[in-house]
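Listed below, chain by chain, are the residues.
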Amino acid sequence: WLQRIQENSSELELLISGGAIYGLLQTSDAINQFIAKYAVLTSKFSEVGGYIYMFKVIVSMLLIGFISHLIVRAYWLALVCLNYVYPEGINFDKIKLQKPYFINPNKRNDLYNEIVKADKICGLILYTSIAACILFAGIIIYMMIVSVLDVYFLNDLFDTKLFLSISGYSLLIYILDLVLSGLFRKIPYFSYITYPFFKILDFLTLRFIVQKSLWKFSSNSNIIKRTLLVALFVVLSFCYTLEQNNAIFDERDYPWVDYEAYKSDVSSYR
């Protein structure tokens, strides 16, 4: 049954990607409007603005992932259609190239390998985007827990600078370990130092949800390629979110603010 799902999931993937893109675009617009209204009508935006921004990064990750998946899946579908229209494959006798161009006649004359490769890329894109969102959401949860402990519980008991330093450096080392495919877990003796911190962080950052799939992903792929892929994906997500917030290519300060509604809101608020 798993093999049947893997071979016949393309239609479902197209429907999910299309619906998810529409829903995520609506969600992104709704967050922008909420930020516009909340920021101008209250003085508490600075307390939650960072977390709202990071939540927008999660939405951007999903949006970029589903759009990329939809493009590659459409390319896969085009290959399938072409393979169906010309089932006899490539007629090498009719392709007469001059040196130094050449065609290897020992290769398959159909598009089977290209179809399989595009199908696998679709799966990797979906997994990367969803796993990255789960891990990023877990990091946000960890940061929120640390902030709540600092402000509401520990601040009245003692100076929390040391607590914040340990929490911050632990998270930084943990993120590096995550990006480098568990490098710090493989170093002899040093693994004993990181173990108690990483076990807590594995739970708080939701890594336990995707840990087994991460092992499968990292043990079957090249570390340089997957690190570059994930880094590019994360950078694009941050850039897209930054463009939405600050409008890099728009000279207006807040292009997503409805200023007529803003004036009305300010008047009613006053």
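Here's what I pulled together on the structure shown here.

What follows concerns the overall build of the chain. A tally of regular secondary structure across the chain gives nine helices and zero strands. The secondary structure elements of the chain, listed N-terminal to C-terminal, are α-α-α-α-α-α-α-α-α. Taken across its 270 residues, the chain has 30% of its residues classed as buried. Put simply, of all contacts in the chain between residues at least 6 apart along the chain, 75% involve residues at least 24 apart. With the model as given, the accessible surface of the chain reaches about 18800 Å², and the carbon-plus-sulfur share is 67%.

Now for the nonpolar core. Formed by M54, V57, I58, M61, I64, A132, C133, F136, I140 and F233, the largest nonpolar core amounts to 10 residues. Where this core is concerned, the elements lending two or more residues are α3 (45-85) and α4 (112-154). For this core, the element with the highest residue contribution is α3, accounting for five residues. Not counting the four nearest positions on each side in its chain, I58 is found in contact with C133, F136, A137 and I140. Judged by nonpolar contacts, the second largest core, of nine residues, contains A20, I21, I52 and L63.

The end-to-end C-alpha distance of helix α6 (residues 190-204) is 22 Å, a good match for the 21 Å that 15 residues give at a rise of 1.5 Å each. Of the positions making up α6, those classed as buried are T194, F198, L201 and D202. Where α6 is buried, its residues touch α4, α5 (161-179) and α7 (207-219). Residue L206 follows α6 closely and has a positive phi angle near 70°.

Attention now goes to the environment of L62. Looking at the secondary structure, you find L62 in helix α3. Judged by relative accessible area, which is 22%, L62 ranks as partly exposed. Counting along the chain gives 67 residues from L62 to S129, while the straight-line C-alpha distance between them is 5.9 Å. Once you skip the residues sitting within four places of it in the chain, L62 turns out to touch L24, S129 and C133.

So, on to the pattern of salt bridges. Following the criterion strictly, the structure yields five salt bridges and no others. When the shortest N-O distance is used, the salt bridge between D177 and R207 registers 3.5 Å. Of the two residues, D177 is situated in helix α5 and R207 in helix α7; the sequence distance between them amounts to 30 residues. No difference in accessibility class separates D177 from R207, as the two residues are buried. Residues joined by salt bridges that share partners form a network here, namely D177, R185, D202 and R207.

Below, the discussion takes up the packing of aromatic side chains. By convention here, two paired aromatic rings are described through the distance between centres and the angle between planes. For the coordinates displayed, the defined rule picks out five aromatic pairs. With centroids separated by 5.8 Å and ring planes inclined at 75°, the aromatic side chains of F184 and F190 adopt a geometry described as edge-to-face. According to the relative accessible area criterion, F190 is partly exposed, its value standing at 29%. Relative to F208, the ring of F203 has its centre 5.6 Å away and its plane inclined at 15°; by these criteria the two rings are stacked. In this structure F208 comes out as partly exposed when scored by relative accessible area, which is 47%. Geometry around W76 places R73 over its ring, the cationic atom sitting 4.5 Å from the centre.

Moving on, we come to α5. In this model α5 runs 27 Å from its N-terminal to its C-terminal C-alpha over 19 residues, within 8% of the 27 Å that 1.5 Å per residue would give. Among the residues of α5, those classed as buried are S167, S170, L171, Y174 and D177. Angular distribution of buried residues about the axis of α5 spans 125°; they occupy a single face of the element. Of the exposed residues in α5, the ones pointing more than 90 degrees away from its buried face are K161, L162 and Y169. Against α4, α6 and α7 lie the buried residues of α5. Of the residues trailing α5, S181 is marked for its positive phi of about 60°.

The next subject is the side chain of T194. One can find T194 in helix α6. Residue classification places T194 among the buried positions, given a relative accessible area of 7%. A polar side-chain atom of T194 sits 3.2 Å from the main-chain carbonyl oxygen of S191.

Rules used throughout
Residues numbered from 1 in each chain as written. Predicted model: local features only at pLDDT ≥ 70, side-chain atom pairs only at ≥ 80, totals over all residues. Heavy atoms only, no water. Helix = DSSP H or I, 4+ residues; strand = E, 2+ residues; numbered from the N terminus. Buried < 20%, exposed > 50% of the residue type's maximum accessible area, 1.4 Å probe, protein only. Contact = heavy atoms within 4.5 Å. Areas by Shrake-Rupley, 256 points an atom, 1.4 Å probe, with all protein chains shown as cover. Core = buried A, V, L, I, M, F, W, Y, C linked by side-chain atoms within 4.5 Å. Expected span 1.5 Å × (residues − 1). Salt bridge = Lys/Arg side-chain N within 4 Å of Asp/Glu carboxyl O. Phe/Tyr/Trp six-rings, centres within 6.5 Å; stacked < 30°, edge-to-face > 60°. Lys NZ or Arg CZ within 6 Å of the ring centre and 35° of its normal. Arc of directions from axis to C-beta. Polar contact = N/O pair within 3.5 Å; in protein donor to acceptor, adjacent residues only side chain to side chain.

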